[in-house]
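# Observations on chain architecture
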Amino acid sequence: MAIHCPICNKSSDDIRFIGEFCEDCTIDRLKRKIPDSAEVYQCKSCERIRVGMDNFQLTKSALTAAIKTVLKAPDCDFKVVSYSKTDAVLRFKCTVEGSTVEFDKRIGLRIRKWMCRDCVRKVSGYYEALVQLRGDTFLVERMLKKMESYIERNNAFISKKERINSGYDLYISDKKLVSYFFSLYKLKPERSYTLYGMKKGKKLYRHIYSLRL
Ligand SMILES: [Zn+2]
Ligand SMILES: [Zn+2]
């Protein structure tokens, strides 16, 4: 026995029903509840987008995560299937009365330009670790390349690079990462520390690593 949708009068012979309404009307109703736009923060310097406390290169999955922090769609999951500078198409999967419905909705993107913490630090010459590479020119250059690409891959930065007679001085934003790099490659630099300030009653140290190659 066919039933008819109370909104559009379509028959259950022709279209799937979700409860007492046809799938089209169910999707219309869901779409109307979903906001038409979302605000996304993008760093004007490195162009990464903010997701919670972190920043990521603009990709579909990063954009999905960023939008999820601001766009609420109860009983639905979604992901970005395409995007431009001004809008994004989201593919929704929602659960209604125990059934799953899927549909796409285009929303506007309101891109807010700001400056992420890393870029603020970069501009101000921030660093936590000074790495002094010394020794054989060939080995120093090779180590420099290795470190630079490692630092970049792991979302940190080199705020200053100085060429000096027997090598390089690198001023690096993240001392944990530097220490991890050395243990990863089983390198044993000489370590020392200089006090450079206080934060919430704790002394802040800069780490100095001297690596002879
Ligand atoms: Zn209907
Ligand atoms: Zn940035």
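Any covalent bond linking the sulfur atoms of two cysteines counts as a disulfide. Throughout the structure, instances matching the rule amount to one disulfide. Here Cys76 engages in a disulfide with Cys94; their sulfurs sit 2.1 Å apart. Here the S-S torsion is close to 110 degrees, and the disulfide linking Cys76 with Cys94 is therefore right-handed. On the criterion of sequence distance, the pair formed by Cys76 in strand β6 (residues 76–83) and Cys94 in strand β7 (residues 87–96) is long-range, its members being 18 residues apart. Of the two residues, Cys76 and Cys94, both sit in the buried class.

Here we come to helix α2 (residues 60–68). Every buried residue of α2 is accounted for by Ala62, Leu63, Thr64, Ala66 and Ile67. If you follow the buried residues of α2, they end up packed against β3 (37–43), β4 (49–51), β5 (54–56), β6, β7 and β8 (99–114).

It is worth spelling out the environment of Thr95 at this point. Considering the arrangement of structural elements, one finds Thr95 in strand β7. Residues Thr95 and Cys76, spaced 19 residues apart in sequence, show a C-alpha to C-alpha distance of 6.4 Å.

Cut-offs applied
Residues numbered from 1 in each chain as written. Chains lettered and ligands numbered in written order. Predicted model: local features only at pLDDT ≥ 70, side-chain atom pairs only at ≥ 80, totals over all residues. Heavy atoms only, no water. Disulfide = S-S within 2.5 Å. Helix = DSSP H or I, 4+ residues; strand = E, 2+ residues; numbered from the N terminus. Buried < 20%, exposed > 50% of the residue type's maximum accessible area, 1.4 Å probe, protein only. Contact = heavy atoms within 4.5 Å.

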